[in-house]
Amino acid sequence: MSARSAEQLSTGPLDRSRDAVTRAEPAHSVPGTRPTPRERDLEPDLGPDLDQVLDAVTVGVVVHSSDGEPLLTNAAARGMLCGLPSTVLEHAVAAVATRNAGPRTFTLSTPRPDGSARRLVATAVPIAGSAPIPVVTTVRDLAVERQPAPHPVRSPASPRIGDDESATLRRSLAMAERRLRATMETSPVGTALLTPHGRLLQVNRALTRMLGRDRDDLIGQGLADLTHVEDHPREAPLVEQLLARKIGSYELEKRLLRPDGHAVWVRSTMAPVCDDDGSVLHLVMQAQDVSETRQAVEMLTRQAMRDSLTGLANRAMCVGRIQESLDRAARRRDPHRRVAALCCDLDDFRVVNDSVGPPFGDAVLVEVAARIRRTITPPDIAARLAGDEFVIVREGVQDEQDAARLAREVLDAVRRPISVDGRVVVPTMSIGIALSPVAGDPAIGDPVRPDALGLLRDAGTALHEAKRFDRGGFQVMDEHLRRRTVDRLDLESQLRTGLDHGELRLHVQPIVDLTTGRMVGREALVRWQHPEHGLLPPGRFLGVAEEAGMIADLGRWVIGEAARIAAATPEAGYVAINVSPSQVTGTGLADDVEAALAATGVPPSRLVVELTESVMLGGAPEGRTQLERLDNLGVRLVVDDFGTGFSALSHLRDLPVSGIKIDRSFTQGLGQDTHCERIVEALTGLAQGLGVDLVAEGVETEGQAQRLTDIGCVHAQGYLFGRPEPVSA
């Protein structure tokens with residue numbers, strides 16, 4: 001037995017023994033080296049229930065290993081042996097260390113705090129069949145028990161008291177062990193007893209079933225070896241705090257590994273078992289299988305953060321990731337590591353859905369999403385915001401050229417044929433690009449911490465510009481575009497105010513009969529009497545009204561005003577009004593016209609609705625329904641600018657069209673361009689053959705008017721007969 005003081009012996013149950021066994025292991029983490037044979041054999045027999053049993057015994061108990069090392073002392077022994085040199089016990093333990101030796105009883109004397117002597121009697125008993133724990137010594141205070149002093153040395157065969165105490169101790173140990181094992185085995189929750197360094201000492205049946213491993217396979221394993229490597233960083237700080245007694249326990253969801261590598265999600269709780277002075281003797285882990293719950297949560301998370309059709313991120317996830325990227329870029333303050341958002345939209349995708357059907361359209365979207373995903377690399381993300389609108393986010397972009405290269409890669413990847421059920425479509429895409437500002441650039445909000453929605457908004461604005469001017473290409477948001485956007489937003493706000501305050505005006509231009517010179521009707525043209533910029537033509541604000549969703553309100557005002565003018569000036573013939581494609585494809589056009597007719601009492605034949613060829617070619621069911629309702633009301637329909645688009649003659653036959661207007665580009669070529677003359681002749685013959693009215697627009701000279709008369713065109717409109725003028729009625 002090594003020389004150590006009884007004060008060292010009495011520091012706490014199992015404390016010094018554990019130090020002796022595991023001193024070489026790191027004390028800061030659950031993962032550790034493989035346990036020594038002594039630790040693996042000893043620990044399962046000395047659990048937390050045993051410590052409680054021994055500390056409850058009033059007799060002092062000291063347990064020594066076969067090589068004389070003290071393994072534990074209970075509370076009573078620590079109090080009695082305080083200040084006693086260890087060499088006193090060393091001789092007694094040496095005498096009974098061999099299995100052939102019998103019990104030995106002897107007396108001890110220790111000093112009291114008042115200087116008097118404390119008389120003790122100790123009995124050392126070998127434990128047969130327990131090689132790591134061959135000697136158990138019991139110690140009794142004679143003064144406390146008021147018993148006469150024993151003989152200095154008893155015969156090995158005679159100490160009846162020592163034998164009884166040893167037997168009682170062995171029964172207590174066995175009972176505590178049975179209770180501990182029974183409790184663990186019957187628990188439905190996976191339970192394990194571990195060393196402070198993470199080696200498994202005991203496991204119950206529930207844990208072996210959960211992990212698909214035998215008990216012998218688990219005993220001695222390090223908990224770190226059974227835990228998914230990605231969960232180590234989350235658990236290590238908690239273990240450090242637990243061993244330092246900064247926390248009493250912790251709970252963590254993590255993955256434990258089965259032999260085949262399959263991960264089992266568990267809700268793990270870890271708590272320490274400590275001695276009287278707070279030193280950690282063991283760790284107790286309980287693990288409850290939460291794989292099904294975790295799978296359900298992950299499914300709900302995917303549904304909440306992923307697009308169900310394509311599997312890409314959805315808007316919520318996209319906005320969150322953009323903000324994270326912007327925050328990282330702001331912390332770096334590196335002008336060459338910016339965040340780029342690319343807002344991508346398929347061109348004319350609505351036509352695909354309307355003509356072939358939504359299932360085909362969905363298949364196209366899935367393939368486009370797959371192509372975008374293959375174009376980018378982590379940590380880039382791709383998201384589907386809605387419909388055919390996608391967003392790509394890239395960090396570390398140096399400049400606009402860097403972002404433009406990514407846009408070209410995406411456009412090239414998307415612009416390849418897609419075949420679905422024997423049908424082939426070649427999709428094209430337009431892209432708007434916005435980059436996060438660099439430090440000191442006031443482009444978007446706070447230059448240090450810009451806003452994700454602001455970046456998306458700018459990318460969407462750039463996309464809108466690409467759709468208008470570079471369809472199938474890309475547009476980068478810059479200061480020039482930003483100023484134009486701000487001006488357009490200001491104009492939109494002013495237009496709303498102007499519509500409410502009566503700033504809109506209707507001007508009319510006459511339509512005449514070429515043979516008589518008599519006015520047969522007028523075309524109503526809207527103007528805006530702007531309080532600062534004066535009279536604005538429709539080209540300055542109709543596009544803004546369309547984009548801002550104001551065209552229905554503006555169109556309703558035009559219809560009502562035109563009906564009022566027609567009712568007030570019956571001698572001037574009909575009044576023609578232009579309608580936008582969105583009015584026709586909406587649901588309110590026929591209702592607005594019917595309401596205006598009812599309010600003014602004007603005959604329906606004196607109201608003409610002019611629509612473009614694109615409205616006819618669209619062929620949407622809603623538009624056809626609106627046109628049929630107008631025809632049933634008695635309102636005439638005229639196709640405007642005929643011949644400039646992709647005219648479909650079948651629509652002239654199928655739709656209730658009563659007239660066509662020849663575009664001014666053909667009229668102004670009369671007498672100068674033989675091709676224009678032949679087109680006008682053909683259109684005149686077409687109108688006569690179909691029995692519909694024909695009006696030539698843009699007539700400015702007498703020669704043009706005469707040539708139209710010679711060809712057979714009856715009605716004309718242009719500066720020769722009058723410019724658009726305001727009308728009061």
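For the structure, see preceding data.
Keep in mind the model is a prediction, meaning the values are calculated, not measured.

(A) Region of interest: the overall build of the protein. Along the backbone of the protein there are 29 helices and 27 strands. A burial count over the protein gives 49% of its 729 residues as buried. Within the protein, contacts between residues separated by at least 24 positions form 61% of all contacts whose residues are at least 6 apart in sequence. As displayed, the protein offers around 34,200 Å² of accessible surface, 52% of which is attributable to carbon and sulfur atoms.

(B) Structural context of the pattern of salt bridges. Under the definition given, this model contains 36 salt bridges. Across the pair Arg294 and Glu253 runs a salt bridge whose closest N-O atoms are separated by 2.8 Å. Note that Arg294 is positioned in helix 13 (residues 291-305) and Glu253 in strand 8 (residues 250-257), a separation of 41 residues in sequence. Overall, Glu253 belongs to the partly exposed group, its relative accessible area being 25%. A salt bridge links Arg484 to Glu465, with the shortest nitrogen-to-oxygen separation between them at 2.3 Å. On the criterion of sequence distance, the pair formed by Arg484 in helix 19 (residues 479-500) and Glu465 in helix 18 (residues 452-469) is long-range, its members being 19 residues apart. Given the relative accessible area of 33%, Arg484 is considered partly exposed. Overlapping salt bridges bring together Glu465, Arg468, Arg484, Arg488 and Glu547 as one network.

(C) Representation of the sheet that holds strand 16 (residues 429-435) within the structure. Spatially, the 5 strands line up as an open sheet ordered 12-13-11-16-17, and their pairing is mixed. For this open sheet the edge positions go to strand 12 (381-386) and strand 17 (474-476), each flanked by a neighbour on one side alone. On average, each strand axis in the sheet is tilted by 20° relative to the strand beside it, whichever way the strands run. Relative to strand 17, strand 16 is paired through 3 bridges, and the arrangement is parallel. Each bridged residue has a counterpart across the sheet, and for Ile433 the counterpart in strand 17 is Val476.

(D) Seen up close, the packing of aromatic side chains. Under the counting rule described, the total for this entry stands at 1 aromatic pair. Ring plane angle 80° and centroid distance 5.8 Å describe the contact between Trp528 and Phe541, whose orientation is recorded as edge-to-face. Taken together, the residues span a long stretch of sequence, with Trp528 in strand 19 (residues 519-530) and Phe541 in the loop between strand 20 (534-536) and helix 20 (542-547) at a distance of 13 residues. Trp528 sits in the buried class, given a relative accessible area of 0%. The class for Phe541 is buried, based on a relative accessible area of 0%.

(E) Structural view of the pairing of strand 4 (residues 117-126). Taking burial as the measure, the 10 residues of strand 4 include 8 buried ones, the bulk of the element. Judged from the 8 bridges that link them, strand 3 (residues 104-111) and strand 4 form a sheet pairing that is antiparallel. Following the sheet pairing, Leu108 is matched in strand 4 by Leu120. Hairpin remark: strand 3 followed by strand 4, antiparallel, with 5 residues in the connecting loop; positive phi at Gly115, about 95°.

(F) Layout of the pairing of strand 21 (residues 574-578). Of all 5 residues in strand 21, 4 are buried, a share of seventy percent or more. Bridge analysis of strand 19 against strand 21 gives 3 bridges, and the strand direction is parallel. When the bridges of strand 21 are listed, Glu523 appears paired with Ala576.

(G) Fine view of the sheet that holds strand 10 (residues 280-289). The antiparallel open sheet is built from 5 strands, whose spatial order is 7-6-10-9-8. Strand pairing shows two members of the sheet lacking a second neighbour, strand 7 (200-203) and strand 8, which therefore form its edges. Strand-to-strand twist across the sheet, computed as the mean angle between neighbouring axes with direction ignored, equals 30°. With 8 bridges connecting them, strand 8 and strand 9 (residues 263-274) associate as antiparallel partners. Residue pairing across strands places Leu256 opposite Val264, the latter belonging to strand 9. Sitting on the sheet, helix 12 (residues 232-243) is in contact with strand 8, strand 9 and strand 10, with an inclination near 135° to strand 8.

(H) Just the packing of helix 28 (residues 674-690) against helix 29 (residues 702-711), in detail. Between helix 28 and helix 29, the shortest axis-to-axis distance is 10 Å and the interhelical angle comes to 45°. As the angle between them shows, helix 28 and helix 29 are arranged oblique. When the axes of helix 28 and helix 29 are compared, the crossing they make is right-handed. Contact residues: Glu677, Val680, Glu681 and Thr684 in helix 28; Arg707, Leu708 and Ile711 in helix 29. Here the residues of the contact of helix 28 with helix 29 are counted per class, giving 3 nonpolar, 1 polar and 3 charged.

(I) Spotlight on empty space enclosed by the protein. Within this structure, the stated rule accounts for 5 cavities of 30 Å³ or more. Volume-wise, the second largest cavity comes out at about 90 Å³. In this structure, the second largest cavity is lined by Ile511, Tyr574, Val608, Glu610, Arg636, Val638, Ser658, Gly659, Ile660, Lys661, Asp693 and Val695. The set of elements that each furnish at least two residues to the lining of the second largest cavity consists of strand 22 (607-611), strand 23 (636-642), strand 24 (659-662) and strand 25 (693-696). Among the elements that take part in the lining of the second largest cavity, strand 24 stands out by supplying 3 residues, more than any other. Looking at the lining of the second largest cavity residue by residue, the classes come out as 6 nonpolar, 2 polar and 4 charged.

(J) Representation of the nonpolar core. Residues Val593, Leu630 and Leu708 are the most contacted members of the largest nonpolar core, which totals 61 residues. Ranked by the residues each element gives to this core, the list is headed by helix 21 (residues 551-568), at 8 residues. When near neighbours in sequence (up to four residues on either side) are disregarded, Leu630 contacts Leu589, Ala590, Val593, Val609, Val635 and Leu637.

(K) Spatial organisation of the environment of Ala466. The residue Ala466 is located in helix 18 in this model. Remark: the alpha-carbon pair of Ala466 and Asp345, spanning 121 residues in sequence, is separated by 9.9 Å. Setting aside its immediate chain neighbours within four residues, Ala466 contacts Ser430, Ile431, Arg471, Gly473, Phe474 and Gln475.

(L) Quick look at the side chain of Arg199. Within the fold, Arg199 resides in the loop between strand 6 (190-194) and strand 7. Buried charge without a partner: Arg199 forms no salt bridge, and the closest opposite charge is Asp225, 4.2 Å away. Within polar-contact distance, the side chain of Arg199 engages the backbone oxygen of Gly220 at 3.3 Å.

(M) Quick look at the environment of Thr269. Mapped onto the elements of the fold, Thr269 is located in strand 9. Residue Thr269 is classed as partly exposed on the basis of its relative accessible area, which comes to 26%. On a C-alpha basis, the gap between Thr269 and Ala287 in space is 6.5 Å, while along the polypeptide they are 18 residues apart. Excluding its chain neighbours within four sequence positions, the residues that come into contact with Thr269 are Tyr250, Glu251, Val284, Met285 and Gln286.

(N) Spatial organisation of the packing of helix 15 (residues 349-356) against helix 16 (residues 358-375). Helix 16 packs onto helix 15 with a crossing angle of 140° between their chain directions and a minimal axis gap of 7 Å. One finds that helix 15 runs oblique with respect to helix 16. Along the contact surface, helix 15 presents Phe349, Val352, Asn353 and Val356, while helix 16 presents Pro358, Phe360, Gly361, Val364 and Leu365. When the residues that make up the contact of helix 15 with helix 16 are grouped by side-chain class, the tally is 7 nonpolar, 2 polar and no charged.

(O) Inspection of the state of the cysteines at higher detail. Overall, the coordinates contain 0 disulfides when judged by the stated rule. The thiol of Cys343 is unpaired, and the distance to the nearest cysteine sulfur, on Cys344, comes to 6.7 Å. The class for Cys343 is buried, based on a relative accessible area of 2%.

So, how was this worked out
- Every chain's residues receive numbers from 1 upward, in the order its sequence appears when written.
- Totals for whole chains, interfaces and linings use all residues, but because this is a predicted model, local features are given only for residues with pLDDT of at least 70 and pairs of side-chain atoms are given and counted only at 80 or more.
- Calculated side-chain values reflect all of the structure's heavy atoms, with hydrogen atoms and water omitted.
- Only DSSP runs of H or I covering at least 4 residues are called helices, and only runs of E covering at least 2 are called strands; the numbering of each starts at the N terminus.
- Buried means the residue's accessible area, taken with a 1.4 Å probe over protein chains only, is under 20% of the maximum for its type, while exposed means over 50%, and partly exposed covers the values in between.
- Whether two residues are in contact is decided by their heavy atoms, any of which lying within 4.5 Å being enough.
- Throughout, the Shrake-Rupley method with a 1.4 Å probe supplies accessible areas, and for residues the shown protein chains are the sole cover considered.
- The term salt bridge refers to a side-chain nitrogen of Lys or Arg lying within 4 Å of a carboxyl oxygen of Asp or Glu.
- At least two DSSP bridges between two strands are required for those strands to pair.
- Whenever a helix is involved, its axis is fitted only over the stretch in contact; in every case the axis is a line through C-alpha atoms, and angles between N-to-C directions fall within 0 to 180 degrees.
- Geometry of aromatic contacts follows a simple scheme: Phe, Tyr and Trp rings, the Trp one being its six-membered ring, pair when their centres are within 6.5 Å, and the pair is stacked under 30 degrees between planes, edge-to-face over 60, tilted otherwise.
- Relative orientations are named as follows: roughly parallel for angles under 35 degrees, roughly antiparallel for angles over 145 degrees, roughly perpendicular for angles from 65 to 115 degrees, and oblique for any other angle.
- Two helices that cross are described as forming a left-handed crossing if the nearer one is turned anticlockwise from the farther one by less than a right angle, and a right-handed crossing if clockwise.
- Gly is placed with the polar residues, together with every amino acid not listed as nonpolar (Ala, Val, Leu, Ile, Met, Phe, Trp, Tyr, Cys and Pro) or charged (Asp, Glu, Lys and Arg).
- Using only the protein atoms, space was sampled on a 1 Å grid; points where a 1.4 Å probe fits but cannot get out form cavities, open sets with protein on both sides within 12 Å along at least five of seven lines form pockets, and lining residues are those with an atom within 4 Å of a point.
- Grid points are joined across faces, edges and corners, and a volume is the space filled by probe spheres set on the points.
- Joining through side-chain atoms within 4.5 Å is the link that ties buried Ala, Val, Leu, Ile, Met, Phe, Trp, Tyr and Cys residues into a set, and such a set is a nonpolar core.
- Asp and Glu count as negative and Lys and Arg as positive, but His and the ends of the chain are not part of the count.
- The term polar contact refers here to a pair of N or O atoms within 3.5 Å; inside protein, the definition further demands a hydrogen-donor-capable atom paired with an acceptor-capable atom, and it admits residues adjacent in sequence only when both atoms are side-chain atoms.
- Our working definition of a disulfide is a cysteine sulfur pair at a distance within 2.5 Å.

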